[in-house]
Amino acid sequence: MSYSTGFHWAHQGEGLAHVDKDLYGASGSIQTEATLAAAAAAGTIARIPCSNATAIMIMPLLGPVLTGSGGTDAKFTLYGVMQQGEPSQPTASAADKFVFQLGVPVAATVNSGDVDNTSSWTLDNPGGFTFQHHDNTAGGQHDMAPFVMAPALSGSDIPTGDNGTLADLETGFTIFPGIDFFSEVILSFDSEALSTSQKFNALISLLY
């Protein structure tokens, strides 16, 4: 029987900072554990252990929007990480990791350096930082990389108390299946036409 872990924050602080969407290569690369640990400590990636999980659901959120220039949509990247050997083996955690790029969905559509559609739905993370979902145009569908599914979510009848409503969410999440090959997944954020100081976060849920 499958079960979901419920929603968890990808980043507990002010959010992930901007990096290139192909931070670890357009298809992937081999990275040292020290490199990944340093990037996580610097707040440019979020490392999410997922051993035995079959899929991950990601709801992208932005911190206060900082206007940039241009019309390139802000994006987030998901990487799957495969270690050398089984977790119980002493070299598995310290050895270099194979980092595969799984997809680059849109976090928010951008027009003239600003987000195209703004939802009224906001949420504070455990660090006390506020994040907001931003709709995409064209019926609210998130951009999709190959084999990435974006299920429709119409939340107009779902009350959420003091945190607003889900009425503006339209498609509010992306699901990546097939992650059970990986020991962990990594999230990063490319602000594209938004300011490079823009912060990103996500609510995530793992399916086991």
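For the structure given in this document, a descriptive report is provided here.

Rules and cut-offs
- Residues numbered from 1 in each chain as written.
- Predicted model: local features only at pLDDT ≥ 70, side-chain atom pairs only at ≥ 80, totals over all residues.
- Heavy atoms only, no water.
- Helix = DSSP H or I, 4+ residues; strand = E, 2+ residues; numbered from the N terminus.
- Buried < 20%, exposed > 50% of the residue type's maximum accessible area, 1.4 Å probe, protein only.
- Contact = heavy atoms within 4.5 Å.
- Areas by Shrake-Rupley, 256 points an atom, 1.4 Å probe, with all protein chains shown as cover.
- Core = buried A, V, L, I, M, F, W, Y, C linked by side-chain atoms within 4.5 Å.
- Polar contact = N/O pair within 3.5 Å; in protein donor to acceptor, adjacent residues only side chain to side chain.

Secondary structure summary: the protein contains 1 helix and 16 strands in total. A total of 208 residues make up the protein; the buried ones form 45% of that total. Taking all contacts inside the protein whose residues are at least 6 apart in sequence as the whole, residues at least 24 apart take part in 80%. As presented, the protein carries roughly 9,300 Å² of accessible surface, and 55% of it is formed by carbon and sulfur atoms.

A few words on the environment of Ile-48. By the element assignment, Ile-48 lies in strand S3 (residues 46-49). For Ile-48 and Ile-204, which are 156 residues apart along the polypeptide, the C-alpha to C-alpha distance reads 9.3 Å.

This brings us to the nonpolar core. Ile-56, Ile-58, Leu-78, Ile-179, Leu-187, Phe-200 and Ile-204 are the most contacted members of the largest nonpolar core, which totals 29 residues. Contributions of two or more residues to this core are made by S3, strand S4 (55-62), strand S5 (74-82), strand S7 (106-108), strand S15 (184-190) and strand S16 (200-207). Tallying contributions element by element places S16 first for this core, with 4 residues. Residues in contact with Ile-179, not counting those within four places in the same chain, are Cys-50, Ala-53, Thr-54, Ala-55, Ile-56, Leu-102, Val-185 and Leu-206. Counting residues in hydrophobic clusters, the runner-up holds 8 residues, among them Leu-36, Ala-39, Val-81 and Ile-186.

The subject of this paragraph is the side chain of Gln-101. The topology assignment puts Gln-101 in strand S6 (residues 97-103). Of the residues examined, Gln-101 reaches a relative accessible area of 18% and is grouped as buried. Of the polar contacts made by the side chain of Gln-101, one reaches the backbone oxygen of Gly-25; its length is 2.9 Å. Residues within four places of Gln-101 in sequence aside, it is in contact with Lys-21, Asp-22, Gly-25, Ala-26, Ser-27, Gly-28, Thr-77, Leu-78 and Tyr-79.

What follows is about unusual backbone geometry. Of note, the phi angle at Ser-112 is positive, near 55°, even though the residue is not glycine. You can see Ser-112 is positioned in the loop between strand S8 (110-111) and strand S9 (114-115). A residue is classified by how much of its surface remains accessible, and Ser-112, at 59% relative accessible area, is exposed. Phi at Glu-192 takes a positive value of approximately 50°, unusual for a residue other than glycine. Position of Glu-192 relative to the elements: it lies in the loop between S15 and S16.

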